[in-house]
Amino acid sequence: MLKNKFWFLLALAACAPQTPDKIVTGKWLEGRAQFVPSRIPAAGPPAASCRSELFTLEEVKREALHYEAQLESEQKINGTWKHLRLNQLPVAQAKFLKAVGTKFGDLTEGVVTDVSACEDAPCIVNTVYRSVDGLEGWATYLWYLKMGNVLSFKNKVFEQADARPGVYKGVSYPLTDYLFSRNELYAFWRMSHALPTVFKTIADLKEIQRVPRKSSIEGREGNTCGLAYSQGFIILNDGCLTFGLTNDNGFIYEGTTHEMAHQIDFQWGKRDNVNSFYYSDNGPWAEVGGWSMREYWDEATRKTIREWSSTLTDAQFVRSYARTSPVEHFADTAAYYRYDGENTKRKIPAPVYTLLKSSVFEQLDYDPVGLMSQFESESVKMFTNEVFQSVANCSKDATTPNTVVPLPEASFPFAVSLPERRCLASKLKGLVDQAVVEAKLQHVDGCRILRVPQRVSEFKQKIEATFLAQMIGHIRAARESEDYFNRLNEFYRNLDQKVLPLRLMAGCYGELNERECYQDAVSDLLDELIPADVIQAETMQTDLRRMFLEANRFETVKMETIKVHQDFLFTQSALISDSVHELWQTCLAVPLTDHDSPVAGPLSLGAGWMASSQYNCLNRDIAKETRSVVGGMSFDQLGVTDGKEGKLLYDLALPIYVREIKQLYEDALAAESALVTKTLEESSQLFEQKLKGDFSWARRPNSLQSDCESEALKNLPNDFRYHKRSEVFTPRARLFCQQLLQSAEFATWMSTQQVFVEQQVLNHFVSRIQVKSDERVAECLEKYPIGNIFQSVWNKKKCRRCYLDEWEQLETVAWGEALTAANTQLPIERSTLRGRVSYRIEQIQEDVHENKCKSNSLGIRLGNPF
Amino acid sequence: MFSKYAFVLLALAGACADSNAPIRYGETTKAALVADKGQPSSAEKPLENSPTEILVYPDNQKYQVTNDVVVAGFREPSSDEKSLLYWRHRFKDCPTTFEALSKRDNHLHPEKELKCARDGVSVIYDPNTDQVTRVVEHAQK
Ligand SMILES: [Zn+2]
């Protein structure tokens, strides 16, 4: 078999060190097929003339079933979903239902959406939608299969303030106001065809939700129409879901794509940056956008200020909003690049355009010229084999009706017979016409662009010239080599094989220069695919090489490789889930403490809390367990043995693993929240019991409040893992303790306790000394005034001597007064206790020395006369 | 627009490696800072007509100097420090506040600042990326 021969040769290529059979995804991909939209065979008229006409139940269902089959696996998902056993469903449906969870439809308490008659996943959605024909369910399911996230169909919005489903910003809405309209679903379907692959690989995005119709977004200004959450949600309101004159345009496209681009930005940030922030706010994007951050600490307000600014002019942004920050710049420019290609290309600086073109858009342009050139290269790819077959057929049998105008002799650089030219003319016209039909049908922008007659004729001219050049090449080459047609047949068969470039790309994964590695590998492959001895005509060789390279561009293949590996991981979901559950249980069993500092790892909980024993256990082992799961993956008895493929699968599996861990965390958090609420409600009673019943926790007179608070917290149940105890319970304990410490009961108890009475006497003692000290200073200053600098020098020492004269007697009087004030029967000895306040007494004396018997009344400090 | 002047100074590569005395925000002088950290790679004026300047060091480390005194410092978090949990754990006994920074934009969530004023430390946390992006140190309160 020729294919095997290629692989033998490929193994020698510098950047494809592994033998091909090691690539498990390659083997898996061999059995996959691309989706081809419905059409009537070439002879008859097409079933639809524009892609937009294919949003029908039949076609959407066909497409969904196609992807469902592609993602099928022997490793079924275990467990149940309501009445359905997941392992009896296609893996894709089981995954969809798991992603939806049990929160769907009308979530109002007491309302049940009866789906017991449903046997498949789309039926669940259709039941909620009360769909007439089932299109909503299949469109939602298809979106999930292609894009990896759920178009929400429930009446609750992520992070809405009101706990009640169906109530948003204080207003009640019917369920239907939360559901996407048929037109909106059409737009999503259209976007699934319009967006490049990277939008289909957003691993962290879980759900796109609709804010109820006519409502603005909670907590935001009225002009905000969408929000992207790192927790995996996008919410959109009417403003982000508007249509233009037709359903094929309107802000719904830019708005939704903008929010999805934020998700890409988050994801690439995690991938690219050591610091795991956004892709766009540092590195190449920030550079081409001229972005810099002004950052300082405002000393007056004690606040940190961080503001972005760009060196670009206003006119260089797609719209003013893009100027907000590099993050918005990226999201906005990406959205407008796709749907408003012409203006975007004209407005934004070339480096920004070029960067977006290669990083997001696989080197494709979306202005009319760029779209036309996309149609051309798609047609060439699609019809090149048929062009070749036409030449082969016309050379065998050139019979054609005489009415057909033959291609002129001058078209060929060598002699071609009249019947053959007539035959070729007929085939050429047929192919060109068909290319126009296909461009409209295959491409979501086909009908819009080719609505202009001038563009159609331009397109036809170009295609005709390309096809004719190919025909000439084929005829020439066939005349040079008899084996030509056979060999070229093989080439064309390989041209459409996605497996070849995928294998090359997987072999280059993680290389320092992936692009160079891939291009070298492709070049080596082409040397073998297009042997020089068979195809001698140099132009033909160049054409074939270009054709292959265009069909397998680095950027495109790179994204496709990621998508294929993600799809493969999708089929391995059961393995990942099992491992996640096992690790969760293991870490749950680790003795609960919060002693250690949380360590870095793949898991982060945002503003969430987890006891560090559990958090550190998870973070230590997630990477190891993910690696082990990847090691256990297989297809058709082939395991993951190739290092580079293993690394790629690991890199893609890790976020999936973390996402599942987070799901378990969310569930556990919700369960614990209920317990926390209950404990909070019971806490006052609990504190009352434990703290009031026995005041023995009150031992240190100077830290009663904090001792009371920590005693209160100590008496709470000890097993909160996902709530920071001090944050949750301290406010309640603080209030309770403040009240308790001022209560009569506590005062009575204190008066019986030696330690508190002692403290009380000492406090009285010190304050009496302060009063007496003040009186004495006043007397001494009267005797020895310090009114100017000369008096200071003269009277300073005399004043101090006067002040300290018979000090012992002063203390004795103060002690007597303190005892009287405390009014206690307990034995209190001055000689044993004075040590505890001696430093305070010294302070009083020092203050007099330093400040009263020292400087003059004008405040001139003698120690520093200048 | 803020005026920004950047000048390249003779970088004393080796000189910035060692940190001798810890910086006491509100006390350490600019001269002491430069003696300790070496010359900055550039300097910025965040505000017009203000005595405040920002000295920029490698690894996006910045010091804010007002009237010749270092009043604040900004640095990237180390690996453990990137998770907010690390800081909430570290600030266990410090009364903290959580404030939204000046509104960043409309579609995303504004950055937040978790402050432990007692220790003069705060961290900037980005709810969109779930990461602590900056550690800010300043004079204690
Ligand atoms: Zn945005």
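Residues numbered from 1 in each chain as written. Chains lettered and ligands numbered in written order. Predicted model: local features only at pLDDT ≥ 70, side-chain atom pairs only at ≥ 80, totals over all residues. Heavy atoms only, no water.

Draft legend 1. Representation of the side chain of E184 of chain A within the structure. All names here are of chain A. One can find E184 in helix α7 (residues 182-194). A polar contact of 3.5 Å, which involves the side chain of E184, links it to the side chain of R213. Ignoring any residue separated from it by four or fewer positions in sequence, one finds E184 in contact with L179, R210, R213, L241, F243 and I252. (Helix = DSSP H or I, 4+ residues; strand = E, 2+ residues; numbered from the N terminus. Polar contact = N/O pair within 3.5 Å; in protein donor to acceptor, adjacent residues only side chain to side chain. Contact = heavy atoms within 4.5 Å.)

Draft legend 2. Geometry of the state of the cysteines. Residues and elements named next belong to chain A. By the definition in use, this model includes ten disulfides over all chains. Each disulfide pairs two cysteine sulfurs, and for C50 the partner residue is C447, the sulfurs being separated by 1.9 Å. As the torsion about the S-S bond is roughly -100 degrees, the C50-C447 disulfide counts as left-handed. Taken as a pair, C50 in the loop between α2 (24-30) and α3 (57-70) and C447 in helix α15 (residues 446-449) lie far apart in primary sequence, 397 residues in all. Side by side, C50 and C447 carry an identical accessibility label, which is buried. (Disulfide = S-S within 2.5 Å. Buried < 20%, exposed > 50% of the residue type's maximum accessible area, 1.4 Å probe, protein only.)

Draft legend 3. Main features of unusual backbone geometry. All names here are of chain A. Look at R302: it is not a glycine, yet its phi comes out positive at around 55 degrees. Tracing the sequence through the fold places R302 in the loop between β9 (291-298) and β10 (303-310). R302 gets classed as partly exposed once you look at its relative accessible area, which sits at 23%. The phi dihedral of D636 is positive, around 50 degrees, even though this residue is not glycine. Within the secondary structure, D636 sits in the loop between β11 (634-635) and β12 (638-639).

Draft legend 4. Quick look at the domain arrangement of chain B. Residues and elements named next belong to chain B. As assigned here, chain B comprises domain 1 (20-73) and domain 2 (76-141). A straight line from the C-alpha centre of domain 1 to that of domain 2 covers 21 Å. Taken together, the contacts link eight residues of domain 1 with seven residues of domain 2. Summing the contributions of domain 1 and of domain 2, the shared interface buries around 520 Å²; its carbon and sulfur component is 40%. Area buried by domain 1 at its contact with domain 2 is led by Y25, N60 and G73, which between them contribute 71% of it. Counting across the interface, domain 1 meets domain 2 through zero salt bridges. Inspection of the domain 1/domain 2 interface yields three residue pairs in polar contact (both at pLDDT 80 or more). In terms of residues, the side of domain 1 that touches domain 2 owes the most to one element, strand β4 (residues 69-75), which gives three residues. Partitioned by chemical class, the residues of the side of domain 1 that touches domain 2 number three nonpolar, three polar and two charged. (Domains from an automatic or database assignment. Buried area = accessible area lost by both parts, 1.4 Å probe. Salt bridge = Lys/Arg side-chain N within 4 Å of Asp/Glu carboxyl O. Nonpolar A, V, L, I, M, F, W, Y, C, P; charged D, E, K, R; others polar.)

Draft legend 5. Examining the nonpolar core more closely. Residues and elements named next belong to chain A. By size, the foremost hydrophobic cluster in this structure holds 131 residues, and its most contacted members are F96 and F153. Here this core gets ten residues from one element, more than from any other, and that element is helix α14 (residues 418-442). Residues in contact with F153, not counting those within four places in the same chain, are F96, V100, F104, G105, I124, V125, V128, Y129, T140 and L179. Counting 42 residues, the second largest nonpolar core, distinct from the first, contains W28, V499, I622 and Y657. (Core = buried A, V, L, I, M, F, W, Y, C linked by side-chain atoms within 4.5 Å.)

Draft legend 6. Just the environment of T403 of chain A, in detail. Residues and elements named next belong to chain A. Turning to its location among the elements, T403 is positioned in the loop between α13 (368-396) and α14. On the accessibility criterion, T403 (73% relative accessible area) is exposed. C-alpha of T403 to C-alpha of K644: the two residues are 241 residues apart in sequence and 60 Å apart in space.

Draft legend 7. Highlighting the interface of chain B and chain A. Facing the 56 residues of chain B at the interface are 58 residues of chain A. Between chain B and chain A, the buried area comes to about 5,000 Å², and carbon and sulfur atoms account for 48% of it. At the surface where chain B touches chain A, the tally comes to seven salt bridges. Between K662 of chain A and D130 of chain B there is a salt bridge whose closest N-O contact spans 3.9 Å. Linking chain B to chain A there are 24 residue pairs in polar contact (both at pLDDT 80 or more). Counting residues per element, the side of chain B that touches chain A draws most heavily on strand β8 (residues 131-138) of chain B, at six residues. Looking at the side of chain B that touches chain A residue by residue, the classes come out as 21 nonpolar, 17 polar and 18 charged.

Draft legend 8. Region of the structure containing the sheet that holds β8 of chain B. Residue and element names in this part refer to chain B. Strand order in the open sheet formed by eight strands is β1-β2-β3-β4-β8-β7-β6-β5, and the pairing between neighbours is antiparallel. What marks the edges here is a single partner per strand, and that holds for β1 (42-44) and β5 (97-100). Looking at each pair of strands side by side, their axes are set apart by 20 degrees on average, direction ignored. Here strand β7 (residues 121-126) runs beside β8; their pairing, made up of six bridges, is antiparallel. (Pairing = 2+ DSSP bridges. Axes fitted to C-alpha atoms, helices over the stretch in contact; angles between N-to-C directions.)

Draft legend 9. Spotlight on the domain arrangement of chain A. Once the domains are mapped, chain A shows domain 1 (690-745) and domain 2 (752-852). The distance between the C-alpha centroids of domain 1 of chain A and domain 2 of chain A comes to 36 Å.

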